[in-house]
Amino acid sequence: MKDTVLEVTNLVTKFKSADGLLPAVRGASFSVKKGETLCIVGESGCGKSITALSIMGLLPSNGRITDGSISFNNKNLASMSPKEMQKLRGNDVSMIFQEPMTALNPVFTVGFQIREPLMIHQKLSKKQAHARGIELLKMVGIPSPAERMNQFPHELSGGMRQRVMIAIALSCNPSLLIADEPTTALDVTIQAQIIDLLNDLKEKLDMSMIMITHDMGVVAEIADRVIVMYAGEVIEEGRVEEIFENPQHPYTKGLLSSVPNVDDPDFELKPIAGSMPMLNEKISGCRFHPRCPHAFDKCFSESPKTFSVTDKQNVRCWLQEEVGQNGGRRASSL
Amino acid sequence: MSTEVVTQQMPAHKKKKEFALLKTWKRLIKNKMAIVGLVIIALQLFMALAAPAIVGVDPNKQNLELSELPIGTEGHWLGTDNYGRDIWSRIVYGARISLLVGIGAVSLGLVGGVILGLLSGYYRRLDGIIMRFVDLMFAFPGILLAMLVIAILGTSLVNVVIAISIWSIPTCARIVRGSVLSIKKQEYIIAMKSLGASDLRIMFKHVLPNCAAPIIVFATMRMATAILSTASLSFLGLGAQPPTPEWGAMIAAGQEYMWTSPHMIVVPGIAIMLVVFAFNVVGDALRDALDQGMSLDK
């Protein structure tokens, strides 16, 4: 068994708003092992980015972790002082963002921005940091890296900028990389390159990765394990094959049938009706029941328990209870 | 495999930094009014720097036999005042004072304003307190505030600088705060945090350079206000004291002789007007030039 790098237990993150404290993440639990890629999937607003920001300690000023623990290499991040967190960020955990066009400071050269974390965390001299920066740019596949160091972000294309971002994030050899939809803003061809690059680097540097995405194609490509989030809750988790071949939660199935299938001309997209509930909406029972085609009485009143499908796959859905009784026929025929 | 090199030819990029500045400059000098303003400012700068070389006469040298000579007199082409002092040399030396006071007041005001603006824009907690304090300062008419400061500190040019800089702080703080509020939401700031940069580092190294455009425009425009205010305060007798060749003080001294020797107030009046006009025009043109210059994308 590989050792666990990150263990999130019952994480609750709430936001202060005019309507009071609103929970954006409601008791999420998951773990990431060394060298593993975990994908967090879900619609916009399901709390996946907030989960990532909670781990990084970068919540907006009105957000707060109110419950649960985040254990990273056996240190609880949720109770760490801001100063300690600051030392950790960029060094042990780093993050890449969705929008490479805006994630680099427009007034500084690439070199300046890549040198900075090296000089802060590893206390390198400017010269050493410069040399290391060139190595890093080379590592992420940027041509003529020495010249790039003197260029400004606006002189680079989106894919190049994302490569630079990756180089900066990896500059101090973090043990965990959080990638928040790193390919969403890129062209499809570039997307594939970036995904490949991340996969390669993950293996080369032996780090763990949390990939946040809503693109099932990306998930299939890169994930070892997947967690599906809906309205702030983890509703299903499992190994990537299990999620794709034997999804249990109606929402996961919905997500999978919302992906266009190029090979099958008769394939019809089945979008999930309705939309994600607002943070301040009060929903009794299962939070998915208003959109669930299979909802029955129990779903309206009681929040579902977690059922184990296999030793790795867990799902929070009352349908599982019936599966248990009816010999597993019903859920798989959904 | 993606660590392979993506083929894309890049020409040598060496002069990029100068290039951005050059573009702004080119856009600036496309504006004809800006050229007029820049020429006036350059002239004032030249006068201020080379004052002793331009005029041979001591600006404070009195000669009662040659008092109140009109414009165009041989040897005193802008005439003399009631004490027979050469007005041209007083204007030239006055350029020095107004420029010094302007630069001093604006830079002091910028330091205060930028710090307050950064703090209040960056830290939500401080925002309320600092902005209410700034509101309080706004409630005071500027010239009254300056007079109050001078009444407390005493009349001198240094105190004028302090008074005017205090008056510049609230406007500057507001402008900087506004920019900081929008910049701190940018992803690159969150990205910097995710790399473990400290607040101070982010504020001064990453947020501040991105506020440069509005600050530069503000500083230029403020120069005009500062020069005008110095003249006003000196005119009221609160700034430069006689016999300092300050433009405002020259007008004040010329008041009594308005009907007999109008050039005593007209000449310094025109000098003030031209300089204030120049800084305003250049500030305006800078705003346009930097506005496009700051959208660095393509």
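Residues numbered from 1 in each chain as written. Chains lettered and ligands numbered in written order. Predicted model: local features only at pLDDT ≥ 70, side-chain atom pairs only at ≥ 80, totals over all residues. Heavy atoms only, no water.

**Here's the deal with the pattern of salt bridges**
Residues and elements named next belong to chain A. Under the criterion given, the structure shown has 16 salt bridges over all chains. Of the charged contacts, one joins Glu181 and Lys48 as a salt bridge, the two residues approaching to 3.6 Å between their closest N and O atoms. Remark: Lys48 occurs in helix 1 (residues 48-56) and Glu181 occurs in the loop between strand 7 (176-180) and helix 7 (188-205); sequence separation between them is 133 residues. Judged by its relative accessible area of 4%, Lys48 falls in the buried class. Members of the salt-bridge network, linked through shared partners, are Glu36, Arg225 and Glu237. (Salt bridge = Lys/Arg side-chain N within 4 Å of Asp/Glu carboxyl O. Helix = DSSP H or I, 4+ residues; strand = E, 2+ residues; numbered from the N terminus. Buried < 20%, exposed > 50% of the residue type's maximum accessible area, 1.4 Å probe, protein only.)

**What about the interface of chain B and chain A?**
Chain B puts 33 residues into the contact, and the matching count from chain A is 46 residues. Around 3400 Å² of area is buried between chain B and chain A when both sides are counted, 58% of it from carbon and sulfur atoms. Between chain B and chain A we count one salt bridge in total. In this structure, Glu116 of chain A and Arg201 of chain B form a salt bridge, with 2.7 Å as the shortest nitrogen-oxygen distance. Our enumeration of links across chain B and chain A arrives at ten residue pairs in polar contact (both at pLDDT 80 or more). If one sorts the elements of the side of chain B that touches chain A by residue count, helix 8 (residues 187-194) of chain B sits on top with seven residues. For the side of chain B that touches chain A, the residue count by class is 14 nonpolar, ten polar and nine charged. (Contact = heavy atoms within 4.5 Å. Buried area = accessible area lost by both parts, 1.4 Å probe. Polar contact = N/O pair within 3.5 Å; in protein donor to acceptor, adjacent residues only side chain to side chain. Nonpolar A, V, L, I, M, F, W, Y, C, P; charged D, E, K, R; others polar.)

**Considerations on the environment of Glu181 of chain A**
Residue and element names in this part refer to chain A. For Glu181, a relative accessible area of 7% translates into the label buried. Put simply, Glu181 and Pro153 are 28 residues apart on the chain and 20 Å apart in space, counted from C-alpha to C-alpha. Ignoring anything within four residues of it in the chain, the contact list for Glu181 reads Lys48, Phe97, Gln98, Ile212, Thr213 and His214.

**As for the pairing of strand 3 (residues 37-41) of chain A**
Residue and element names in this part refer to chain A. With five of its five residues buried, strand 3 lies for the most part within the structure. Both faces of strand 3 are covered, namely the face carrying Thr37, Cys39 and Val41 and the face carrying Leu38 and Ile40. Relative to strand 8 (residues 208-213), strand 3 runs parallel, the two being bridged by five bridges. Paired with Thr37 across the strands is Met209, a residue of strand 8. (Pairing = 2+ DSSP bridges.)

**Observations regarding the sheet that holds strand 10 (residues 233-239) of chain A**
All names here are of chain A. Read across the sheet, eight strands follow the order 6-7-8-3-9-10-12-11 without closing on themselves; strand pairing throughout is mixed. Where the open sheet ends on each side, the last strands, each with one partner, are strand 6 (93-96) and strand 11 (306-308). In this sheet, neighbouring strand axes are inclined to one another by 20 degrees on average, regardless of whether the strands run parallel or antiparallel. Against the sheet, helix 6 (residues 158-169) contacts strand 6 and strand 7, and its axis sits at roughly 170 degrees relative to strand 6. (Axes fitted to C-alpha atoms, helices over the stretch in contact; angles between N-to-C directions.)

**A short note on the domain arrangement of chain A**
According to the domain assignment, chain A contains domain 1 (105-171) and domain 2 (248-332). Just the C-alpha atoms count here: the centres of domain 1 of chain A and domain 2 of chain A sit 44 Å apart. (Domains from an automatic or database assignment.)

**Some points on the nonpolar core**
By size, the foremost hydrophobic cluster in this structure holds 173 residues, and its most contacted members are Leu6, Ile178 and Ile210 of chain A. Taken domain by domain, the makeup of this core includes at least three residues from each of domain 1 (105-171) and domain 2 (248-332) of chain A. If we ignore the near neighbours within four places in the chain, the residues touching Ile178 of chain A are Ala52, Ile55, Met56, Val93, Ser94, Met95, Ile96, Ile210 and Ile212 of chain A. One finds Ile130, Met131, Met137 and Ile169 of chain B within the second-largest nonpolar core, a separate group that totals seven residues. (Core = buried A, V, L, I, M, F, W, Y, C linked by side-chain atoms within 4.5 Å.)

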